[in-house]
Amino acid sequence: MTRAVVLGGGLAGVLAATVLAGHADEVVLVEGDRYPSGPRPRRGLPQSHHSHVLVAGGARALDALLPGTVDALLADGAHLRDLPGDALIYSADGWFRRLHTGAHLISCTRGLLDQVVRRRALGGGDVEVWEDTRALGLTGDEVRVTGVSVSRQGSPPETVRADLVVDATGRRSQSPRWLAEIGAADIEEVSVATGLAYATRLYRAPVDLATTIPAMMLHPGTEKGRPARGATLFPVEDGRWIVTLTGTRGGEPPTDEQGYAAFARSLRHPIVADLMAEATPLGVVRPYRDTVNRRRFFERARLPAGFAVVGDAAVAVNPIHSHGMSVAALGALRLREELARHGIGPSLFAGLQAALAEEAERSWRMAVEQDTQRAGQQAGRRAGSRVEERAGDRVAEQAGDRVAEQAGRDGAPRREPNAFEREIRTRLAQAKLSSPRLAAEFFGVQTLISAGTATDRSEIARVLTGRPEPLLTDEEAIGQYPALAAWRRTRLTAATR
């Protein structure tokens, strides 16, 4: 009789347990706290009160693992927004135009998403859930993990035998220490500081704008010598908005009422501040500071058989990038593939951690690239990987050149790339891919998945050259969203009376 034990009852742990239930005779999910009874923040999740979005690649993976979950989220009030078709985005280069690409995000509170997933994943009774249970360490030796030591509801420690132990305890994972205690090799770790802080607040939205508003992203500006500051506003369930203000060192958003509003008003455009002023605050402003990109290279160590690490416990990127939930779903999908191929046994353990790391690689590279550029740091870069990174840059550059060449053949005028084109090329470079596949695959851009054939290149050229220049004015950008534009006209008219 095979038993799998999953440590950590967050999204990564729940999805891993769901997958393991199809391959182990018994699955135990160990959760250090107690689950809330409704769609409320979970005490053990540090970012539970902050913005969470599920990008298209993660949404597809989640539906593959638990069919119908995305529809269930939308039925319970989550919002789907196309990118950039249903998103008002103000980049460092200017406003994005509405363009339906197939990329999208799903926005809701983290409490709702976790509740829907738990209900669908754990409702059948295939996974035994131990709440209020603390994981204390691993049992076994440097060759084989045989189980885990736990304390259930404050009781004395007990040992739980397992054929496979999966650590899904997140950023606070103690796995390196636990492995050292049983004689296993040290785990190499890299941290890349971001210098970024953010603060979040929920609002009751005006009825006429609650569900019609686009997702909003005011990217940080690039004024030299000044802290970068920005904001996001996403619609969530129950007629609410969730607003997150961001700033780098020296420009961290304050948490008092007046300071928070003033910070939003000081951004490059007042649209988010104006909307906040029309909405009703719900609760306090909640800060978050632990935005360091942190990676533990478990795949490079000689791990004992019977042990694996998933989610943020292995690769945790700056939460502002909104990758975490999608990477968790993609990792669970990869776990399912590896289990289907090998079952729970020696052939699984040999390459499992490397396979899981591969699923997180794109997220890690994109996040680190963006954050090191923002912070002007090179921390976390490895001399041994620079040749590989330069090669990845060449691939990205060549793919971008092919897009431009095809645009010329299709009769489009040759010109400097606009903001959206630069965004796609940036994604290419950040992904450091070894073949001409766009980083947009992670975000679900169906029309931009491959640059490998003439047909694909022609479609990419059509999308990228489908909108004329010059860049949009403020009025033109907001005017792309009729309900938002009508509200703003009414507000401006009232202000001039």
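This report concerns the structure included in the present document.

## Digging into the overall build of the chain
Looking only at helices and strands, the chain has 15 helices and 21 strands in total. Counting only residues that meet the buried cut, the chain has 56% of its 497 residues in that class. Expressed as a percentage of contacts within the chain between residues at least 6 apart in sequence, the contacts between residues at least 24 apart total 73%. With an accessible surface of roughly 20900 Å², the chain has 49% of that area assigned to carbon and sulfur atoms.

## Quick look at the packing of aromatic side chains
In this structure the tally under the stated criterion is 2 aromatic pairs. Aromatic side chains Y90 and W95 sit 4.2 Å apart centroid to centroid with 10° between the ring planes, which places their arrangement in the stacked category. A residue is classified by how much of its surface remains accessible, and Y90, at 15% relative accessible area, is buried. Among the residues examined, W95 registers a relative accessible area of 3% and is labelled buried. Pairing Y198 with Y288 gives two aromatic rings, centres 5.3 Å apart and planes at 35°, and the pair type is tilted. Of the two residues, Y198 sits in strand β14 (residues 196-204) while Y288 sits in strand β18 (residues 280-288), which places them 90 residues apart along the sequence. Here R229 stacks its cationic end above the ring of F263, 5.4 Å away from the centre of that ring. The ring of F297 has R300 sitting right over it, with the charged end atom 3.9 Å from the ring centre.

## Thoughts on the nonpolar core
Counting 50 residues, the largest nonpolar core has L15, L20, L29, L113, V117 and L335 as its most contacted members. Setting aside its immediate chain neighbours within four residues, L15 contacts L62, L65, L66, V117, A328, A329 and A332. Counting 34 residues, the second largest nonpolar core, distinct from the first, contains L233, L245, A273 and I478.

## Structural notes on helix α7 (residues 271-278)
Taking burial as the measure, the 8 residues of α7 include 6 buried ones, the bulk of the element. What α7 keeps buried is the set I271, V272, A273, D274, L275 and M276.

## Considerations on the sheet that holds strand β10 (residues 145-152)
In space, the 3 strands of this open sheet follow the order β9-β10-β11, with antiparallel pairing throughout. The two strands at the open ends of the sheet, each matched to only one other strand, are β9 (133-140) and β11 (158-161). Neighbour-to-neighbour, the strand axes of this sheet turn through a mean angle of 35°, independent of strand direction.

## Thoughts on the sheet that holds strand β16 (residues 229-236)
Spatially, the 7 strands line up as an open sheet ordered β6-β5-β15-β16-β17-β14-β18, and their pairing is mixed. The open sheet has two edge strands with one neighbour each: β6 (94-95) and β18. Here 9 bridges tie β14 to strand β17 (residues 240-248), and the two strands are oriented antiparallel to one another. The residue of β17 that forms the bridge with A199 is L245. With respect to the sheet, helix α6 (residues 257-265) is in contact with β14, β16, β17 and β18, its orientation differing from that of β17 by roughly 80°. Lying on the sheet, α7 is in contact with β5 (87-91), β14, β15 (215-218), β16, β17 and β18; it crosses β15 at an angle near 130°.

## Some details on the environment of R152
If you trace the backbone, R152 turns up in strand β10. Residue contacts for R152: discarding those within four places in its chain leaves W130, D132, T133 and E158.

## As for the environment of E338
Mapped onto the elements, E338 comes out in helix α8 (residues 324-342). Relative accessible area serves as the criterion here: at 7%, E338 is assigned to the buried category. As for E338 and A355, which are separated by 17 residues in sequence, their C-alpha atoms are 8.0 Å apart. Setting aside residues up to four positions removed in sequence, E338 forms contacts with G343, L348, L352 and A355.

## A closer look at the side chain of S107
With respect to the helices and strands, S107 occurs in strand β7 (residues 103-107). Polar side-chain contacts of S107 include one of 2.6 Å to the backbone oxygen of P235. In contact with S107, other than residues within four places in its own chain, are H52, V53, A78, H79, F234, P235 and V236.

## Some details on the pattern of salt bridges
As enumerated under the stated definition, the model contains 23 salt bridges in all. With its nearest N and O atoms 3.6 Å apart, the salt bridge here joins R240 to D238. With relative accessibility at 15%, the residue R240 sits in the buried group. Taking the relative accessible area as the measure of exposure, D238 reaches 54% and is therefore exposed. The residue E361 makes a salt bridge to R365 at a minimum N-O spacing of 2.6 Å.

## Concerning the packing of helix α1 (residues 11-20) against helix α4 (residues 110-122)
Taken N-terminus to C-terminus, the directions of α1 and α4 make an angle of 15°; their axes are 10 Å apart at the nearest point. By the angle between their directions, the pair α1 and α4 is classed as roughly parallel. Both α1 and α4 take part in a crossing whose hand is left-handed. Residues L11, V14, L15 and T18 of α1 touch α4, and the partners they reach there are R110, L113, D114, V117, R118, A121 and L122.

## Some remarks on the pairing of strand β19 (residues 293-296)
Side chains of β19 alternate between two faces, with N293 and R295 and R294 and R296 buried alike. Pairing of strand β13 (residues 189-192) with β19, which is carried by 4 bridges, proceeds in the antiparallel orientation. By the bridge assignment for β19, S191 is matched with R294.

## Some words on the pairing of strand β2 (residues 26-30)
Across the 5 residues of β2, 5 count as buried, placing the element largely inside the fold. Residues of β2 alternate between two faces, with E26, V28 and V30 on one and V27 and L29 on the opposite face, all of them buried. Here strand β1 (residues 3-7) pairs with β2 via 5 bridges, running parallel. Bridging from a neighbouring strand, A4 pairs with V27 of β2.

Criteria and cut-off values
- Residues numbered from 1 in each chain as written.
- Predicted model: local features only at pLDDT ≥ 70, side-chain atom pairs only at ≥ 80, totals over all residues.
- Heavy atoms only, no water.
- Helix = DSSP H or I, 4+ residues; strand = E, 2+ residues; numbered from the N terminus.
- Buried < 20%, exposed > 50% of the residue type's maximum accessible area, 1.4 Å probe, protein only.
- Contact = heavy atoms within 4.5 Å.
- Areas by Shrake-Rupley, 256 points an atom, 1.4 Å probe, with all protein chains shown as cover.
- Phe/Tyr/Trp six-rings, centres within 6.5 Å; stacked < 30°, edge-to-face > 60°.
- Lys NZ or Arg CZ within 6 Å of the ring centre and 35° of its normal.
- Core = buried A, V, L, I, M, F, W, Y, C linked by side-chain atoms within 4.5 Å.
- Pairing = 2+ DSSP bridges.
- Axes fitted to C-alpha atoms, helices over the stretch in contact; angles between N-to-C directions.
- Polar contact = N/O pair within 3.5 Å; in protein donor to acceptor, adjacent residues only side chain to side chain.
- Salt bridge = Lys/Arg side-chain N within 4 Å of Asp/Glu carboxyl O.
- Parallel < 35°, antiparallel > 145°, perpendicular 65-115°, else oblique.
- Left-handed = near helix turned anticlockwise from the far one by under 90°.

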